[in-house]
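These are the residues of each chain, in order.
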Amino acid sequence: MARQISDRSTDTDRLRGAKRIVIKIGSALFIDQQTGALDGDWLEALCEDVSWLSEAGKEIVLVSSGAVALGARELGLDARRARLEDNQAAAAAGQILLAHAYHDALGRLGLTAAQVLLTLDDSESRRRYLNACTTLLTLLDRGAVPVVNENDTVATQELRYGDNDRLAARVAQMVSADCMVLLSDVDGLYTRDPQHNDDAEHVPEVADVDARIRNMAGGPGSALGSGGMHTKLDAARIAIRAGCRMAITSGRVRRPLKALSEGGRATWFLSTATPAAARKQWIAGTLKPKGSVSVDAGAEDALASGRSLLPAGVTSVDGQFERGDAVRVLSGIGVEVGRGLIAYSSDEAREIAGKQSRLIESVLGYRGRDEMIHRDDLVLMH
């Protein structure tokens, strides 16, 4: 469902009212289409936006394209005609340049950049998903700005996202972001391709990515980019289901995020759920439990009051599961009182069950999480 009228003050609130924001930057915005060179001025202005948002108390994750294009220029390759192995080599060379550019631009503003490389497998494998999620959240907690890109140097076709729009949406899901902004060479969704249709109308607001909305999408818009409007709509569906609102807006202006916050033209995709509620629904209704843990009365009371499940309250562990899998939480009489994502494998959980969290390192040989199941990863059954 698309709405043709939008309240610009509401648009402003959607960005300024967010706590955690994922920003995706397309290659065509800061890589010269002809030479493959980096547009340092544009990147500096973007980082000024990141600093401005950070000073306002926002946590920012950047998902940035550009490594392959930069590396191709460095190695003398044509990224548009290169083989997979050529692009992987270009990514290896370009990642250094891209990370260095963000390190310098953010560093001049007093911000710390941290590179995170992901593949599709990192979001499909429960254990790797949890590892990536924990890394990103730790970086945000430390005040760093994660700069995420697809790990093209090792990803084969079956392990690739193929575009950073969908990668950005998966990252937004990982970190429970409440807002995602796709900076593009277009300022949103149109009813028809505006480059070929004078009667094309801009769509300021979308409540559901249905068949009619998808029929409005065109093809890729630039030579260096790998995604068109279809991939942006795919990203919007992922984001909406994760409780994250998403905007498509033009990055062809200086300080594009500030421009968006001041009512700049965009298409907003809206979600009726919060990230926390969407995550709880996903845990409770989508993931199949791989095993169970039984808890004592004290732990059951602690869970009911909104606390995490600690190893000390676990009386037994059943089934075979890996870190990050969903498990059932059972009361002393076998009633399911909750369901959550467990921080330890079944073998590890059995070893630390009933023990104080401070003893985990001496039992397992490494310091893991204090919680068996963190409250953010736990859904109580009512």
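1. Here's the deal with the nonpolar core
Consideration 1: Core analysis: the biggest nonpolar cluster contains 39 residues, and V22, V148, V171, M180, M246 and F269 have the highest contact counts within it.
Consideration 2: At the level of elements, β3 (59-64), β4 (113-118), α7 (126-141), α8 (164-174), β6 (179-184), α10 (229-241) and β10 (245-250) are the ones that each hand at least two residues to this core.
Consideration 3: Tallying contributions element by element places α10 first for this core, with 7 residues.
Consideration 4: Not counting residues within four places of it along the chain, the set of residues in contact with V171 comprises V22, V61, V63, L118, L136 and V148.
Consideration 5: If you look at the next biggest cluster of nonpolar residues, it comprises 36 residues, including I23, L183, A247 and L270.

2. Structural notes on the sheet that holds strand β13 (residues 314-319)
Consideration 1: Sheet architecture is open: 5 strands sit in the order β13-β12-β14-β15-β16, paired in mixed fashion. The open sheet has two free edges, formed respectively by β13 and β16 (378-380), since each of these has just one partner strand. Pairwise comparison of adjacent strand axes, ignoring direction, gives a mean angle of 20 degrees for this sheet.
Consideration 2: Where strand β14 (residues 326-330) meets strand β15 (residues 336-341), 5 bridges bridge the pair, whose relative direction is antiparallel. Among the inter-strand pairings, R328 is bridged to a residue of β15, identified as R339.

3. Section: the confidence of the model for the protein chain
Consideration 1: In the predicted model, the protein chain carries a mean pLDDT of 88, and the fraction of residues at 70 or more is 91%.
Consideration 2: Scored below 50 in pLDDT, residues 1-9 shows 30 contacts in the model against residues more than four places distant or in partner chains.
Consideration 3: Every residue in residues 219-226 is under pLDDT 50, and counting partners more than four places away or in other chains gives 17 contacts.

4. Quick look at the pattern of salt bridges
Consideration 1: What the rule picks out here adds up to 19 salt bridges.
Consideration 2: The residue K258 makes a salt bridge to E262 at a minimum N-O spacing of 2.7 Å.
Consideration 3: Exposure remark for K258: the relative accessible area of 29% places this residue in the partly exposed category.
Consideration 4: Here R279 makes a salt bridge to D377, at a shortest N to O gap of 2.4 Å. Of the two residues, R279 sits in helix α12 (residues 275-285) while D377 sits in the loop between α15 (360-364) and β16, which places them 98 residues apart along the sequence.
Consideration 5: Taken together, the shared-partner salt bridges in this structure form one network comprising E48, D49, R254 and R255.

5. Considerations on the side chain of T231
Consideration 1: Within the element layout of this structure, T231 appears in helix α10.
Consideration 2: Here T231 falls in the buried class, since its relative accessible area comes to 10%.
Consideration 3: A polar contact of 2.7 Å, which involves the side chain of T231, links it to the side chain of D165.
Consideration 4: In this structure T231 touches D163, D165 and R166, once residues within four positions along its chain are discounted.

The rules behind each value
- Residues numbered from 1 in each chain as written.
- Predicted model: local features only at pLDDT ≥ 70, side-chain atom pairs only at ≥ 80, totals over all residues.
- Heavy atoms only, no water.
- Core = buried A, V, L, I, M, F, W, Y, C linked by side-chain atoms within 4.5 Å.
- Buried < 20%, exposed > 50% of the residue type's maximum accessible area, 1.4 Å probe, protein only.
- Helix = DSSP H or I, 4+ residues; strand = E, 2+ residues; numbered from the N terminus.
- Contact = heavy atoms within 4.5 Å.
- Pairing = 2+ DSSP bridges.
- Axes fitted to C-alpha atoms, helices over the stretch in contact; angles between N-to-C directions.
- pLDDT = per-residue confidence, 0-100.
- Salt bridge = Lys/Arg side-chain N within 4 Å of Asp/Glu carboxyl O.
- Polar contact = N/O pair within 3.5 Å; in protein donor to acceptor, adjacent residues only side chain to side chain.

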